[in-house]
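# Reading the structure
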Amino acid sequence: MPDLLFELFSEEIPARMQGRAADDLKKLVTDKLVDAGLVYEGATAFATPRRLALAVQGIPVRQPDLREEKKGPRVGAPEKAIEGFLKSAGLADISQATVQKDPKKGDFYVALVEKPGRPAIDVLAEILPLVVRTFPWPKSMRWGSGRLTWVRPLHSIVATFGPETEDPDIVPFAVDHIAAGDTTKGHRFLSPGTIRVRHHDDYVQKLLEAKVVLDPARRREIVLHEAKQLAFAQGYELVEDQGLLEEVAGLVEWPVVLMGAFDPAFLTIPDEVIRSTIRANQKCFVVRDPKTGKLAPRFILVSNTEATDGGQAIVAGNERVIRARLSDAKFFYETDLSTRLEARLPKFEQIVFHEKLGTQAKRIARIARLAVALAPLVGADVDKVRRAAQLCKADLLTEVVGEFPELQGLMGKYYALAQGEDPSVAAACEEHYKPQGPADRVPTDPVSIAVALADKLDILVGFWAIDEKPTGSKDPYALRRAALGVIRLLLENKFRLSLGSFIKGHQSVIHEELHRHTTRFDFAEEGGLTNPRAVPLDEKLPSDLLAFFADRLKVQLREQGARHDLVDAVLALSAQDDLLLVVRRIEALANFLDTEDGRNLLAGVKRATNILRIEEKRDGVRYGGAVDPALFRDAEERQLSQAIDTARAAAEAAVAREDFSAAMAAIATLRPVVDAFFDKVTVNADDKPVRANRLRLLDGIRAATLAVADFSRIEG
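So, here is what we can say about the structure in this document. (Residues numbered from 1 in each chain as written. Predicted model: local features only at pLDDT ≥ 70, side-chain atom pairs only at ≥ 80, totals over all residues. Heavy atoms only, no water.)

### Comments concerning the overall build of the protein chain
Looking only at helices and strands, the protein chain has 25 helices and 20 strands in total. In terms of its C-alpha atoms, the protein chain occupies a principal-axis envelope of roughly 100 × 95 × 75 Å. For the protein chain, with 716 residues in total, the buried portion stands at 49%. Taking the intrachain contacts of the protein chain between residues at least 6 apart in sequence as the baseline, contacts between residues at least 24 apart amount to 68%. For the protein chain, the separation between the mean place of its 98 positive charges and that of its 105 negative charges on side chains is 2 Å. (Helix = DSSP H or I, 4+ residues; strand = E, 2+ residues; numbered from the N terminus. Buried < 20%, exposed > 50% of the residue type's maximum accessible area, 1.4 Å probe, protein only. Contact = heavy atoms within 4.5 Å. Lys, Arg positive; Asp, Glu negative; His and termini not counted. Charge placed at Lys NZ, Arg CZ, Asp CG, Glu CD.)

### Quick notes on helix 1 (residues 15-35)
Along its 21 residues, helix 1 runs 31 Å from first to last C-alpha, staying within 8% of the 30 Å computed at 1.5 Å per residue. Listed in full, the buried residues belonging to helix 1 are A15, M17, Q18, A21, A22, D24, L25, V29, T30 and L33. Structurally, helix 1 contributes buried residues whose contacts are with strand 1 (3-10), strand 2 (42-48), strand 3 (51-57), helix 3 (120-133), helix 5 (216-233) and helix 6 (242-249). With its phi angle positive at about 85°, G37 sits one or two positions after the end of helix 1. (Expected span 1.5 Å × (residues − 1).)

### A closer look at the packing of helix 18 (residues 541-559) against helix 19 (residues 564-571)
Helix-helix packing: each pair is described by the crossing angle between the helix axes and the interaxial distance. The interhelical angle for the contact between helix 18 and helix 19, taken along N-to-C directions, is 145°, at an axis separation of 9 Å. Note that helix 18 runs across helix 19; the crossing there is right-handed. Residues A550, L553, K554, L557 and R558 of helix 18 lie in contact with helix 19, whose contacting residues are H564, V567, D568 and L571. A per-class count over the contact of helix 18 with helix 19 returns five nonpolar, one polar and three charged. (Axes fitted to C-alpha atoms, helices over the stretch in contact; angles between N-to-C directions. Left-handed = near helix turned anticlockwise from the far one by under 90°. Nonpolar A, V, L, I, M, F, W, Y, C, P; charged D, E, K, R; others polar.)

### Things to note about the sheet that holds strand 16 (residues 295-303)
Strand order in this open sheet of four strands is 13-15-16-14, and the pairing throughout is antiparallel. At either end of the open sheet lies a strand with only one pairing partner, and these are strand 13 (237-238) and strand 14 (256-261). Summarising the sheet, strand 15 (residues 285-288) and strand 16 pair through three bridges and their orientation is antiparallel. Opposite R288, over in strand 16, you have L295 as the bridge partner. Lying over the sheet, helix 5 contacts strand 13, strand 14, strand 15 and strand 16, oriented at roughly 40° with respect to strand 14. (Pairing = 2+ DSSP bridges.)

This is the structure we're talking about:
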């Protein structure tokens, strides 16, 4: 079958856009091929700084013929309806249609429409220019007098179609006076001449000969391997950076790895500042001394050309720029050290955190107040927590963080250590932002944990208080990440915390700040204002926020392999705001349901619950309350009643002492008597009082199991 080779050659495409553009090109073309009935065998897309390319293998030579029946109006329909049907079906006369009989709707016309398939190359000539004109670049531009918009000026288009063993045909189309052809160009400097290409393999090989590595994955491999080898040869170790590697591979078509140096005097700057400076300004990698683990005064750059002088001029140019940038960074760092962190705090009075939540100074005060309250519960020193909470945001006003925002927190730690703060206080300045994602580490120092929890809870309660909650996929304030951070801090450090009480307490603090000078008035009937009263507290906020935590906990536990229905079954119980206990209960429930007793009891409970639901709906009443032993007719009823009382008491006692395995074991004792009850007893007895009493027994089963979980929410 024929193959398609499609290339769009332009000026340099920004590295950040290349990967998405390659995926979009593949999807747009292949989706349109499938829609046109041209089912292909495989497709691969590529991107370099100057080209997007797509190879599609195994495209049919032509579309399949289509044969379909087109239903028309009823026989005897108005003339206008008949004419419209003939036009849409491509018929000259109604006699060319057939009549189908329908005993219910009457006779109606049917046209047999036959549409012969078109050559695939003609279909491609329609698809490809449409793809070019509608390509979804994040940003695009116009140039010259043309009307086409593209990310950068588009120079040429390659579009060939044909079997691999033959010379392909050129797909006949043009976009904005750029006609498709079979020629492209190689490397801008090393091989700028025109290249004629045929098929994918021929295209890849000729580009390689013209100093262009087409596959971005291969360019990444070359850069990483050569950088490691060059560092090793000099006795150093490459500091790997996947994000930078992706970016650099998108900046070059022919990667050439070189090493440069900078003045060792700059090593007095923190390693992270050096790395950020070199990375952000020159897209270079840093290396470290494997003996000490500290950065070495060397860097690795990736050039896009093979220089005649071996790259000496390129290296010298990068060294010159990096020297200037590191000089700036050293100046910023030393300037920051001259001012103590606490001396910066008054400036926060003029910085608004959020227009509805006040200044950054108020936020810091709230964090400090909450962190101090949390400190005893996580085993942290109160004075250290108070000091850390006061200083944790101060580095936001430093020169280095202003230049490199990604170093916030880390620079706070360095500055705190430099001014003699306690190591735990300094660590909290960095770690209170953590964890920032599912792969980020969780702080273990109690001071850091207290401040990190306070920081995240303040954000969550604050934005809930002003009704700025996440909606759908939108979460501009990263509140989902904050909630997940709280969950990981508590679970991974195994800390007990009643979230509900802290949410309520902090809500009151924020509410007082928001409405300190706000009063509502009632209007008197004859006009005027009367009866001033304070704005009431939103009583739904704690439960709404706890529900949000529950949703985040489900996501977290699901990623760890827990069943979502077990999470629902435990969270359905009231007052479930101690996340560590919730997880322990879920683990115990999962272990219980893995046993035969657990599975059989679950089946019995579900049977009881289903019967109750049906009968309560039919009767319009809820069957609850105490059973009447005088109405027992069978021994199994009495045995079940006694077993329920015993199991429920034992389970509640076990839950009270937080022994969930024992609670499950207590509930498991119900299994044989529940089985016996359903085997021997007819619930819906003819005697109405007896029937009602037996339904109350079923409610007793439901109530007893609620001591450990809501079994009705468990699947299976």
